[in-house]
Amino acid sequence: MLDYYPKTIHAAISTAFSLLILAAIAVTSLISYNVSEDAVITNSEAYMGEIITQVNNNIQSYIDNMENISLIIFTNKDVKYYISSNPFISREEVRSYQKNISDLFQSLLYTRKDIASIMVFGYNGRVVSDRRLTQLNPNVPPQDQDWYKQAVKEGGRSVISPPHVQNVLQGEYSWVVSLSRELKSINGMTGQGVALVDLKLNVINDICRDVKLGQRGYVFIVDDSGNIVYHPQQQLIYSKLRTEQIGRVMASRQGSFVDKDSGRIYTIHDTSFGWKIVGVAYQDELISNPSAMRNSFLLWAAAGLAVTLIISFIISHRITRPIRRLQAVMRQVERGDFDVRAEVGQAGEVGQLGRAFNMMVGQTRRLLDERVQTEKIKRRTELRLLQSQINPHFLYNTLDSIIWMAEQQKNEEVVLMTSALAKLFRASIAKDDELVPIRVEVEHIDSYLQIQKMRYRDKLDYVIDVPRELHAFKTPRILLQPFVENAIYHGIKNLPEGGMIAISARQADNGIEFRVADNGQGMSEETIKLIMGAVRRDSDRDHIGVSNVNERIELAFGSDYGVSIESEPGEGTTVAIKIPQVR
């Protein structure tokens, strides 16, 4: 079996159409051929039946004439007197009666050339025929002939004998079919003789020989005993060189049967006198030219197949054209062109597919635009983060403090501040890692606060409370520094007494919440809005770090996470930063 599967819908539809059409044409052609063949055979059988019926009518006509002649003999008073056992006529009158009867028979023969002879055999020993002088064959007693015995046996009913050589007359040997009949007395009770009417066999031969049933067809006749009455090759039948389906013919009633071995069709017609007239035709001749007929069917089938294949190709091409157009548009999308759209002019599945495709491409275009915009925002926030990390004022002030402590011989403090500054910047170096462990962020903010505490000395204190079980979770880099920086510069720096910053963390619903609280000056609601909207204005450099952190959290984790500020003037500020639990 071929492992073939069409690679395109067009090819699949064309192949399916072709196979269906091929099967339909093959089946239709085969059925049409068989139907035509059956019709030809049926019509031929009907034609043969009509011919055989005509043959039967002709033969029946001859048999009827023989019957009529026998009736004439049967009812003729001269014949009755002539063969009567009673002495109705004297010895001297016998010759006269014989002459009259013979004249009668001759007149009958004069009108019927198909009658070979007419004879009467009286049980009283008198014989009369159509001959002027009847000379019986002394070697062939009539009483020993089958037709004579059958006539006596039937007791007055006509008997048709099979073809035989009639040799009861001396010197005559002709093939005849005989009609014999016992003649009754005047009272109809006693048999007085047998009448014989011989029909020339060549009459039947002529009737049957002229019948044409194709080139090789023929007619033959069998009697009620299965004996061949007529056959065009009778000698071959007698010599067993040719056989006929005599058994099936005798077993069949009027109708037809087919001998499949020989390819012959036998059409049988029963006659009223017991014969069966059989017409034989050959199947291969009934269809005048079976090969031409078969080739004609094949030619028309091939032409029909070619036409339907072309039509199926055109139809499949039209059906798949919208799909191919959609396919071409999809290829453009594969190459990155998301501005193309499929034609959706038509209704149906393809139109719905085109609309769905356009929606998908449009949504993809929108997502790409959003992605590009997000990347732009991300790059901008990273730039601002970098700017916040490298705060020149913070760096300048820290270095200035280190110089001052060095001049004051505070070497230990110089070491501590320098070490804290190094840790602070080391945490900022790994910029490729968007997320870092909370432990790293705690170390970063602790370093930053150490530096600030050393700078502001007694004016600043801080506490960090982050449970160790949260250290393994990850957080965006430089998450807490902007809030701590704001708390120092805007909340605690200007306080007359020292300030306190408390940094804590805890597990909240679906995330981790950092809190940066200070006891500084606090801020109003307007200031909080100003801080949170600093990015959008893109001009307030003092609060840009806070809003930058909020924007980074939303970009990374969605709008469910971010920054919230609680503060009132004089009451300090608490900043809550919520992030998801990420390992």
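Values in this document were obtained by computation on a predicted structure and should not be read as measured data.

1. A closer look at the pattern of salt bridges
Following the criterion strictly, the structure yields 16 salt bridges and no others. For D270, the salt bridge goes to K276, with nearest N and O atoms at 2.6 Å. Judged by its relative accessible area of 27%, D270 falls in the partly exposed class. Classification of K276 by relative accessible area gives buried; the value is 9%.

2. Focus on the nonpolar core
If you look at the biggest cluster of nonpolar residues, it comprises 49 residues, and the most contacted ones within it are V484, I501, F514, I553 and I577. If you tally residues by element for this core, the top one is helix 13 (residues 438-456), at 8 residues. Leaving out residues up to four positions away in the same chain, V484 has contacts with I445, Y448, L449, I501, I503 and V516. With 44 residues, the next largest nonpolar core counts I52, V197, L213 and Y230 among its residues.

3. Considerations on the sheet that holds strand 7 (residues 218-222)
With antiparallel pairing, the 5 strands of this open sheet are ordered in space as 8-7-11-10-9. The open sheet terminates on both sides in strands that have one partner only, identified here as strand 8 (228-230) and strand 9 (255-259). The average angle at which neighbouring strand axes cross in this sheet is 30 degrees, direction not considered. Of the strand pairs in this sheet, strand 9 and strand 10 (residues 264-270) are connected by 5 bridges, and their pairing is antiparallel. Bridge assignment links F257 to a residue of strand 10, and that residue is Y266. Strands in contact with helix 5 (residues 201-209) are strand 7 and strand 8; relative to strand 8, the strand with the most contacts, it is inclined by about 75 degrees.

4. Some thoughts on the confidence of the model for the chain
Caution applies to low-pLDDT parts of the model: their predicted coordinates are not meant to be read in detail. Scored by pLDDT, the chain has a mean of 82; 91% of the residues are at 70 or more. Confidence drops under pLDDT 50 across residues 535-541; counting only partners more than four residues distant or on other chains, this segment forms 10 contacts.

5. What about unusual backbone geometry?
With the exception of glycine, the majority of residues adopt a negative phi angle, and the majority of peptide bonds are in the trans configuration. The backbone phi angle of Q409 is positive, close to 60 degrees, even though this residue is not glycine. With respect to the element layout, Q409 can be found in the loop between helix 11 (392-407) and helix 12 (411-429). Classification of Q409 by relative accessible area gives exposed; the value is 59%. Not every positive phi belongs to a glycine, and I478 is a case in point at roughly 50 degrees. Its location among the elements puts I478 in the loop between strand 14 (474-476) and helix 14 (481-492). The class of I478 is buried, set by a relative accessible area of 2%.

6. Considering the packing of helix 13 against helix 14
Packed helices, taken two at a time, are described by the angle between their axes plus the distance between the axes. Interaxial distance between helix 13 and helix 14 falls to 10 Å at its minimum, and their mutual angle equals 20 degrees. Taken together, the axes of helix 13 and helix 14 are roughly parallel relative to one another. As helix 13 packs across helix 14, the resulting crossing turns out to be right-handed. Along its contact with helix 13, which presents E441, H444, I445, Y448, L449, Q452, R455 and Y456, the element helix 14 presents Q481, V484, E485, I488 and Y489. Within the contact of helix 13 with helix 14, the residues separate by chemical class into 7 nonpolar, 3 polar and 3 charged.

7. A closer look at the pairing of strand 5 (residues 174-184)
Each regular strand carries side chains that alternate between the two faces of the sheet. Across the 11 residues of strand 5, 9 count as buried, placing the element largely inside the fold. The pairing of strand 4 (residues 164-166) with strand 5 spans 3 bridges and is classified as antiparallel. From the neighbouring strand, V165 faces strand 5, where its bridge partner is W175. Here strand 5 pairs with strand 6 (residues 191-200) via 9 bridges, running antiparallel. Bridge pairing links S180 to L196 in strand 6. Linking strand 5 to strand 6, which pair antiparallel, is a turn of 6 residues; within it G188 sits at a positive phi near 75 degrees.

8. Re the environment of S567
You can see S567 is positioned in strand 17 (residues 562-567). Aside from chain neighbours lying at most four places away, what touches S567 is G522, M523, I528, G572 and T573. Side-chain polar atoms of S567 contact the backbone oxygen of G572, separated by 3.0 Å. Of the polar contacts made by the side chain of S567, one reaches the side chain of T573; its length is 2.7 Å.

9. A few points about the packing of aromatic side chains
As enumerated under the stated definition, the model contains 8 aromatic pairs in all. Plain terms: the ring middles of Y218 and F220 are 6.4 Å apart, the flat faces sit at 40 degrees to each other, and that makes the pair tilted. Like Y218, the residue F220 is buried in the burial classification. An aromatic cluster of at least three residues, connected via ring pairs, comprises Y218, F220, F257 and Y266. In this arrangement the basic side chain of R126 is found over the ring face of Y82, its NZ or CZ atom lying 5.7 Å from the centre. If you follow R181 out to its NZ or CZ, it ends over the ring of F74, 5.0 Å from the centre.

10. Thoughts on the sheet that holds strand 18 (residues 573-579)
Strand order in the open sheet made by the 5 strands is 13-15-16-18-17, with mixed pairing throughout. Edge positions in the sheet fall to strand 13 (460-465) and strand 17, since each has one partner strand and no second. Recorded for the sheet is a direction-independent mean angle of 15 degrees between the axes of neighbouring strands. Pairing of strand 16 (residues 511-518) with strand 18 involves 7 bridges; the strand directions are antiparallel. When the bridges of strand 18 are listed, E513 appears paired with K578.

Thresholds applied
- Residues numbered from 1 in each chain as written.
- Predicted model: local features only at pLDDT ≥ 70, side-chain atom pairs only at ≥ 80, totals over all residues.
- Heavy atoms only, no water.
- Salt bridge = Lys/Arg side-chain N within 4 Å of Asp/Glu carboxyl O.
- Buried < 20%, exposed > 50% of the residue type's maximum accessible area, 1.4 Å probe, protein only.
- Core = buried A, V, L, I, M, F, W, Y, C linked by side-chain atoms within 4.5 Å.
- Helix = DSSP H or I, 4+ residues; strand = E, 2+ residues; numbered from the N terminus.
- Contact = heavy atoms within 4.5 Å.
- Pairing = 2+ DSSP bridges.
- Axes fitted to C-alpha atoms, helices over the stretch in contact; angles between N-to-C directions.
- pLDDT = per-residue confidence, 0-100.
- Parallel < 35°, antiparallel > 145°, perpendicular 65-115°, else oblique.
- Left-handed = near helix turned anticlockwise from the far one by under 90°.
- Nonpolar A, V, L, I, M, F, W, Y, C, P; charged D, E, K, R; others polar.
- Polar contact = N/O pair within 3.5 Å; in protein donor to acceptor, adjacent residues only side chain to side chain.
- Phe/Tyr/Trp six-rings, centres within 6.5 Å; stacked < 30°, edge-to-face > 60°.
- Lys NZ or Arg CZ within 6 Å of the ring centre and 35° of its normal.

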